[in-house]
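# Notes for the structure review
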Amino acid sequence: MSSILVIRNADIVNATERLQADILCENGVIREIGRNLAAPDGAEIIDASGKLVFPGFIDPHVHIYLPFMGTFSKDDWESGSKAALMGGTTTLIEMCCPGRGDDPMDAIRLWKSNAAGISSCDYSFHMGVTRFDEETGHALRAIVEDEGIGSFKVFLAYKGAFGIDDTELYRTLSLAAELGVVVTAHCENAELVAETQKKLLAEGKTGPEWHEPSRPVSVEAEGCHHLVTFAGLTGAEIYVVHTSNQNAVDILDAARRSGIKVSIETVAPYLVFDNTYAEKPNFEGAKYVMSPPIRPKEHQDYLWKALAEGLIDTVATDHAPFDFQTQKHMGHPDPDKCVDANFQPTGKAGNFTLIPNGIPSVEERVKLLYTHGVATGRIDLHTFVRAAGTRAAEIFGLYPKKGVIAVGSDADIVIWDPEWSGEISVRTHSMATDYSAFEGWPVKGRPETVTVRGKVMVRDGVWCGSAGWGEFLARKPGA
Ligand code: URP
Ligand code: ZN
Ligand code: ZN
């Protein structure tokens, strides 16, 4: 028996158009869009009068249960996908990040198995290339051809962990260019970070407020310049993740204008925090440690402007959640408060280089972008839809299945109440962390109803979804 959902009186906002219509979804796909559509017997009807209706949003940069800095990021696929949906995100693209010694094929299969049958939203992966040799090259070809992976991820940072050297970078980009695979990249010069960290620690600068000075704007800008140089020589298409500042955006934009295929991502934390958050007393600053770091206010203002002007393609999260009371305390400078990876007291002083990097935000991204972007007039509704979903679908080969409300697209729909106002709190969030970086912040607007392939997962702002509904989205390079 077919399942039919009709959304009546929808004020549909896509990235490039706005129209008033009913939407008829059958068996998970949008079948008809039009005025006064007839609803067959047994159809579920939702009246969207007074609301905005968006295509399900896409977060193209998350980490779920990431092994990182001696611990694992907090959300698994059950909590992470539920949190995503509660926030209006219906598709996640996660970074598969094997260790340098791990077999890439084993890694992608492990990452897929962590999500299969558990995720409630749809999902895909970028394949992390954390080593490149002949064997890895063969494995990567098979991963693209047989495993439905259409993008890679490289780290110029994290020396000794996920980071690769320049020869590996060149070979990865060359292979990507040959296969038509987009390469997503974390751009910070690893050597400069390592040397600056050593210098600051030698000067006794150990608290979370020194994280930003250890990886200044210039270090990220150098990473971006480095990557575009390699992209120019190899012809690879690149996507720079979590771009935090004006210098980096300008370098990437100039590269784009010179003909290099570059897309630019920023992430929600950079749009709402500035570096003073990492200076909060009593180690509270650790909650705001991520890499690249949160920048001074003028960069935040520039990112909004670049977003409004279309220089920035996407707003993701880089969701990498770590508990404050335990995991973040692995870098506490007070010997009485610092803990090891088993969260036992070390009795030794920690420092900012040991604080697991990341800010939980998968649930709040869309609300923050609406509240601080649309409601303040910094961006219009179409830019919002484009940056929070449509562009990611286009860049990563999911469009028009995802990222648009159109006949034939998946029925991933967000009915948004623009009049709702409320507050963010750890007490009500669905993420697994013991804190919210946005505690007590007011928000304007929320996803009232959220569907994934026609199934209602959130109704009246309340979870009604089921774990395991999510499907793996196989992607083809160059799609
Ligand atoms: O601070 C961050 N960004 N943590 C997650 C790992 C990464 O660099 O994406
Ligand atoms: Zn990164
Ligand atoms: Zn990341």
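Criteria and cut-off values
- Residues numbered from 1 in each chain as written.
- Chains lettered and ligands numbered in written order.
- Predicted model: local features only at pLDDT ≥ 70, side-chain atom pairs only at ≥ 80, totals over all residues.
- Heavy atoms only, no water.
- Donors = N, O, S within 2.8 Å, 3.2 Å for Na, K, Ca; no water.
- Tetrahedral: all angles 85-135°; square planar, octahedral: opposite > 155°, others 65-115°.
- Helix = DSSP H or I, 4+ residues; strand = E, 2+ residues; numbered from the N terminus.
- Buried < 20%, exposed > 50% of the residue type's maximum accessible area, 1.4 Å probe, protein only.
- 1 Å grid on protein atoms, 1.4 Å probe; cavity = no way out; pocket = protein on both sides within 12 Å on 5 of 7 lines; lining within 4 Å.
- Points joined across faces, edges and corners; volume = space filled by probe spheres on them.
- Nonpolar A, V, L, I, M, F, W, Y, C, P; charged D, E, K, R; others polar.
- Core = buried A, V, L, I, M, F, W, Y, C linked by side-chain atoms within 4.5 Å.
- Near = heavy atom within 4 Å.
- Polar contact = N/O pair within 3.5 Å; in protein donor to acceptor, adjacent residues only side chain to side chain.
- Areas by Shrake-Rupley, 256 points an atom, 1.4 Å probe, with all protein chains shown as cover.
- Sits in = over half its atoms within 2 Å of the grid points.
- Contact = heavy atoms within 4.5 Å.
- Pairing = 2+ DSSP bridges.
- Axes fitted to C-alpha atoms, helices over the stretch in contact; angles between N-to-C directions.
- Salt bridge = Lys/Arg side-chain N within 4 Å of Asp/Glu carboxyl O.

Taken together, the protein ligands of the zinc ion (ligand 2) are His186 (ND1) and His242 (NE2), with distances of 2.1 Å. One way to put it: the four donor atoms around the zinc ion (ligand 2) meet at angles of 56 to 147°, and that makes the site irregular. In this structure, the zinc ion (ligand 2) is positioned 3.7 Å from the zinc ion (ligand 3). Placement of the pair is histidine 186 in strand 12 (residues 182-186) and histidine 242 in the loop between strand 13 (237-240) and helix 8 (246-257), with a sequence separation of 56 residues. Here histidine 186 matches histidine 242 in class, with each residue buried.

For a metal bound by four donors in a tetrahedral arrangement, the ideal donor-metal-donor angle is 109.5 degrees, while six donors in an octahedral arrangement ideally sit at 90 or 180 degrees. Looking at the zinc ion (ligand 3), the protein donor atoms are His61 (NE2), His63 (NE2) and Asp318 (OD), and they sit 2.0 to 2.1 Å from it. Coordination at the zinc ion (ligand 3) comes from four donor atoms whose angles at the metal span 88 to 140°, giving a geometry best classed as irregular. Mapped onto the polypeptide sequence, the residues donating to the zinc ion (ligand 3) form the spacing pattern H-x1-H-x254-D.

Summed over the entire model, instances satisfying the criterion amount to four cavities of 30 Å³ or more. Taken as a whole, the largest cavity encloses approximately 120 Å³ of empty space. Forming the walls of the largest cavity are 16 residues, and the residues nearest its centre are His63, Phe68, Tyr158, Asp318 and Asn357. Residue classes in the lining of the largest cavity are distributed as seven nonpolar, seven polar and two charged.

Membership of the largest hydrophobic core comes to 129 residues, with the highest contact counts inside it found for Phe54, Phe152 and Phe384. Element by element, the count of residues in this core is highest for helix 12 (residues 381-395), at eight residues. One finds Cys25, Ile405, Ile413 and Ile415 within the second-largest nonpolar core, a separate group that totals 16 residues.

The next point concerns the site of ligand 1. In the vicinity of ligand 1, the contacting residues are His61, His63, Phe68, Tyr158, His186, His242, Met290, Ser291, Asp318, Ala320, Asn357 and Gly358. Here serine 291 contributes a backbone N or O atom positioned 2.8 Å from an oxygen atom of ligand 1. One of the backbone nitrogen or oxygen atoms of asparagine 357 is found 3.0 Å away from a nitrogen atom of ligand 1. For ligand 1, whose free accessible area comes to 260 Å², the fraction covered by protein is 100%. The cavity where ligand 1 resides is the largest cavity.

With respect to the helices, strands and loops of the structure, phenylalanine 57 is situated in strand 6 (residues 57-62). Remark: the alpha-carbon pair of phenylalanine 57 and tyrosine 158, spanning 101 residues in sequence, is separated by 29 Å. Other than its neighbours up to four places away in sequence, phenylalanine 57 contacts Gly88, Thr89, Thr90, Thr91, Arg365, Val366, Phe384, Val385, Ala388, Gly389 and Val414.

Looking at where glutamate 423 falls in the secondary structure, it is placed in strand 16 (residues 413-423). Residues glutamate 423 and methionine 330, 93 residues apart in the sequence, show an inter-C-alpha distance of 30 Å. Beyond its immediate stretch of four places on either side in the chain, glutamate 423 contacts Gly440, Trp441, Pro442 and Val443.

For the rest of this paragraph, the subject is the sheet that holds strand 13. Read across the open sheet, the eight strands follow the order 6-9-10-11-12-13-14-15; overall the sheet is parallel. Strands at the two margins of the open sheet, each flanked by one partner only, are strand 6 and strand 15 (314-316). Put simply, the sheet's adjacent strands are angled 30° from each other on average, direction ignored. As judged from the six bridges shared by strand 9 (residues 89-96) and strand 10 (residues 122-128), these two strands associate in the parallel manner. Bridge pairing links cysteine 96 to methionine 127 in strand 10. Across the sheet, helix 2 (residues 104-115) lies against strand 9 and strand 10, angled at about 160° from strand 10, the strand it touches most.

Another aspect to go through is the pattern of salt bridges. Pairing is possible between side chains of opposite charge, provided their charged atoms come close. Under the criterion given, the structure shown has 35 salt bridges. Here lysine 401 and aspartate 410 are joined by a salt bridge, their closest N and O atoms 3.1 Å apart.

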